[in-house]
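Chain and residue survey
Chain by chain, the residues:
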Amino acid sequence: FLEYRNNHLTFIVRDYGKGIKNTSKIFDRYYKEDSIKGGFGIGLNIVKNICTKNSIDIICNSKEQEGTTFTYTFLNT
């Protein structure tokens with residue numbers, strides 16, 4: 001959902017899945033939390049680079065077995 005808080009536009013995405021064990025590494029290029037699943041481990045690194053170039057703050061909060069929330073704050077609004 002979208003909301004306006006503290007004079008900035010904020011976009012929040014949440015799921016109720018298994019959660020992420022180690023959120024400190026998820027934006028690292030080629031990092032994959034689960035090697036069994038497909039992918040190359042570059043998706044969130046690309047997202048982070050786009051956010052950095054466009055002055056968008058990205059925060060990930062996650063709890064195992066409860067889900068994950070990504071919060072994107074557009075700083076130039």
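Scroll up a little and you will see the structure.
Our subject in this report is the structure included herewith.

Thresholds, definitions, all that
- Residues numbered from 1 in each chain as written.
- Predicted model: local features only at pLDDT ≥ 70, side-chain atom pairs only at ≥ 80, totals over all residues.
- Heavy atoms only, no water.
- Pairing = 2+ DSSP bridges.
- Helix = DSSP H or I, 4+ residues; strand = E, 2+ residues; numbered from the N terminus.
- Salt bridge = Lys/Arg side-chain N within 4 Å of Asp/Glu carboxyl O.
- Buried < 20%, exposed > 50% of the residue type's maximum accessible area, 1.4 Å probe, protein only.

The pairing of strand β1 (residues 2-5) with strand β2 (residues 8-15) spans four bridges and is classified as antiparallel. Of the residues in β2, the one forming a bridge with tyrosine 4 is leucine 9. Here β1 folds back onto β2, and the loop between the two strands holds two residues, one of which, asparagine 6, carries a positive phi near 50°.

Our next topic: the pattern of salt bridges. One pass over the structure, following the stated rule, counts two salt bridges. A salt bridge links glutamate 3 to arginine 5; the shortest N-O distance between them is 2.3 Å. The partly exposed category is assigned to glutamate 3, whose relative accessible area is 26%. A residue is classified by how much of its surface remains accessible, and arginine 5, at 37% relative accessible area, is partly exposed. Between lysine 18 and aspartate 34 there is a salt bridge whose closest N-O contact spans 4.0 Å. Of this pair, lysine 18 sits in the loop between β2 and α1 (43-53) while aspartate 34 sits in the loop between β2 and α1; the two residues are 16 residues apart in sequence, bridging distant segments of the chain.

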